[in-house]
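# Architecture at a glance
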Amino acid sequence: MHLSFLKYIILLPIVILLINATAFGQREKPLVVATASIFADMVSAIGDTLVESASVVPIGGDPHIYEPTPRDIRLLAKADLIVKNGLTFEGWISDLINNSGSAAPVKTLTEGITPITSEAHQNATDPHAWMDPVNGKMYATNIKEALIELLPAHQDVIQNQYEKYIRQLDSLDQYIREQISTIEPAKRILITSHDAFHYYGKRYGLRLESLLGTSTDADVRTSDMMRINQVIREQQIPVLFAESTINPKMFEQVAKDNKITIGGKLYSDSLGDKDSPADTYLNMVRSNTDVIVSGLTSSVNPATDTAEDSSTRIVMIIGILFCLTALIFYLWRKRLFTV
Ligand SMILES: [Zn+2]
C-alpha cells in the first residue's frame, strides 16, 4: 500500500509531462503562448492559420508589473512554444514556466538586437525594442525560425508569410520616415509617461523625455517632474502623449501645471482592443506615428487658449471699444461746439 503510494508520487510528474507532450498531437494546431499581446499578434501574422496564439498579459495590461494568475499556469502548461521579449521586460515569466511544469521551447524575440541602456534611469536595459519596426523584422525572423522548428512540414507556408510580413514592416518604416519628416526639426521632442520610445526615437530622430523610467514599477521622482517641467518650458512643447497602459492622472497634472494639452494616446506595451486603431502590431506603430505627427505639427498651440487668456482678451476688447466710443463722442461734441 505504502509502496504504491510512493509509485504514484513518482509517476505523477511523468504523467503530466506525457500529457503535455502529447497535447499538440491531440489538438489540430500547436499553441504558441506569448508573454504580451504584441508578440502574440506577430506569431499570428507569421503562423497564420497553422498555429493558435495566445497572450499571457491581456490587452490593456501592463507587462512590467503583471502578476500571473492560475489561468496563466494552465495556459503555459498547454503551450507547444513560448515566446518572450527578454531584456527584463517580463521578469515573472521564468517562475510562471517553472510553476506550469511546461517543457515547451522558449524563444527570446530580442535575440540579435543590440539593446539600448537608459542613462537617465540608472543604466537600466530598455526592453522596448519592438517600437522600432526595423527591430520588428528581427522579432519576425526569430518567430519564423521557432515556428519552422515546431512545424517543419510547413516551412514553405511559414517562409511565405514571413516574407510578406517583412515587406509590410519595410513599408511601415518608409511611412514613418515620410511622416516624421513633416515635423519641424526643432519640434521633434516626444514627452511620454514612461520611457518606451527610445528605439523609435533613435531610428527616426526624435528626442525623448519621460516621467517614468523604462519600467513602470517605480514612483515618479520630484527630480523627474522638475526635469520634464523645464523641458516643456525651454523647448515650448505644445503637447504631451499619454500611454494606453498607464494611469494618466500624474501626466494630466503635468500638462495642467504647464497649461498644455495631452496630444493623444500612444500604445507601447500592449495592443489596443479590436475597435482601436492599434489592434495589430503594424497598426499600433502606424497609429502612434499618426498621433505623434498630428500633435507635433499642430500650428495652433491649444495651451495658449485657456479660459483665463480668453477672459483677458475680452476685457481688452471692451476697453478698446470704450475708448473708441469716448473719442467719437468727444469729436462729435467738439464739432457741435464749432458749428
Ligand atoms: Zn514599457
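As the structure is a computational prediction, the values presented were derived from the model and not from experiment.

## Points about the overall build of the protein chain
Each helix and strand in the protein chain was counted, giving 11 helices and 10 strands. Here the protein chain holds 339 residues, and the buried ones make up 39% of them. Of the contacts made within the protein chain by residues no fewer than 6 positions apart, 62% connect residues no fewer than 24 positions apart.

## A closer look at the pairing of strand 7 (residues 189–192)
In this sheet, strand 8 (residues 207–210) lies alongside strand 7 in parallel orientation, the contact comprising 4 bridges. Residue Ile191 lies in a different strand from strand 8, and its bridge partner there is Glu209. Handedness of the β-α-β unit built from strand 7, helix 7 (residues 198–204) and strand 8 comes out right-handed.

## Digging into the environment of Ile246
Checked against the element boundaries, Ile246 lands in the loop between strand 9 (239–243) and helix 9 (249–257). In contact with Ile246, other than residues within four places in its own chain, are Ser193, His194 and Thr216.

## Brief notes about helix 3 (residues 70–78)
Considered for burial, the residues of helix 3 that qualify are Asp72, Leu75 and Leu76. An end-on view of helix 3 places all buried positions within 95° of arc, on one side of the element. Turned more than 90 degrees off the buried face of helix 3, the exposed positions are Pro70 and Arg74. Where helix 3 is buried, its residues meet strand 1 (31–34), strand 2 (52–55), strand 3 (81–84) and helix 4 (93–100).

## Some thoughts on the sheet that holds strand 2
Pairing within the open sheet is parallel, and its 4 strands lie in the order 2-1-3-4. Lying at the two open borders of the sheet, with one neighbouring strand each, are strand 2 and strand 4 (106–108). Taking each pair of neighbouring strands and ignoring which way they run, the sheet shows an average axis angle of 25°. With respect to the sheet, helix 2 (residues 37–47) is in contact with strand 1, strand 2 and strand 3, its orientation differing from that of strand 2 by roughly 170°.

## Focus: the nonpolar core
Nonpolar side chains tend toward joint burial in soluble globular proteins. Core analysis: the biggest nonpolar cluster contains 74 residues, and Phe39, Met42, Val43, Ile46, Val83 and Ile143 have the highest contact counts within it. With 7 residues, the single largest contributor to this core is helix 2. Each of two domains, domain 1 (2–176) and domain 2 (184–303), supplies a minimum of three residues to this core. With residues up to four places along the chain from it excluded, the contact list for Val43 reads Val32, Ala34, Val51, Ser53, Val83 and Ile143.

## Thoughts on unusual backbone geometry
Residues other than glycine seldom take positive phi values, yet Leu87 does so here, at roughly 55°. For Leu87, the position within the fold is in the loop between strand 3 and helix 4. C-beta crowding within 10 Å serves as the criterion here: with 19 such atoms nearby, Leu87 is assigned to the partly exposed category. Phi at Lys259 is positive, roughly 55°, even though this residue is not glycine. One can find Lys259 in the loop between helix 9 and strand 10 (261–266).

## Notes on helix 9
Residues of helix 9 that are buried include every one of Phe251, Val254 and Ala255, and no others. Taken around the axis of helix 9, the buried residues stretch over an arc of 100°, which confines them to a single face. Pointing more than 90 degrees away from the buried face of helix 9 are the exposed residues Lys249, Gln253, Lys256 and Asp257. Looking at the packing, one finds that the buried side of helix 9 touches helix 8 (222–235), strand 9 and strand 10. In the stretch just after helix 9, Lys259 is the one whose phi turns positive, near 55°.

## Structural notes on the packing of helix 2 against helix 5 (residues 133–150)
Each pair of packed helices gets described by two things: the angle between the helix axes and the distance between those axes. Here helix 2 crosses helix 5 at 60°, and the two axes come no closer than 10 Å. On the basis of the axis angle, helix 2 is oblique to helix 5. In this structure, the crossing between helix 2 and helix 5 has a hand that is right-handed. Within the contact between the two elements, helix 2 uses Met42, Val43, Ile46 and Gly47 and helix 5 uses Tyr139, Ala140, Ile143, Lys144 and Leu147.

## Here we look at the environment of Leu96
Considering the arrangement of structural elements, one finds Leu96 in helix 4. As a C-alpha pair, Leu96 and Asp72 span 24 residues in sequence and 7.7 Å in three-dimensional space. Among residues more than four places away in sequence, those in contact with Leu96 are Pro68, Asp72, Ile73 and Leu76.

## Considering the packing of helix 3 against helix 4
Axis separation between helix 3 and helix 4 bottoms out at 8 Å; the angle between their running directions is 70°. As summarised for this structure, helix 3 and helix 4 are arranged roughly perpendicular, according to the angle between their axes. Residue-level contacts link Asp72, Ile73, Leu76 and Ala77 of helix 3 to Leu96, Ile97, Asn99 and Ser100 of helix 4. For the contact of helix 3 with helix 4, a count of residues per class yields 5 nonpolar, 2 polar and 1 charged.

Criteria and thresholds
Residues numbered from 1 in each chain as written. Predicted model: local features only at pLDDT ≥ 70, side-chain atom pairs only at ≥ 80, totals over all residues. Helix = DSSP H or I, 4+ residues; strand = E, 2+ residues; numbered from the N terminus. Buried ≥ 20, exposed ≤ 12 C-beta atoms within 10 Å, placed from the backbone. Contact = placed C-beta atoms within 7 Å. Pairing = 2+ DSSP bridges. Right-handed = clockwise from strand over helix to strand, strands pointing away. Arc of directions from axis to C-beta. Axes fitted to C-alpha atoms, helices over the stretch in contact; angles between N-to-C directions. Core = buried A, V, L, I, M, F, W, Y, C linked by C-beta atoms within 7 Å. Domains from an automatic or database assignment. Parallel < 35°, antiparallel > 145°, perpendicular 65-115°, else oblique. Left-handed = near helix turned anticlockwise from the far one by under 90°. Nonpolar A, V, L, I, M, F, W, Y, C, P; charged D, E, K, R; others polar.

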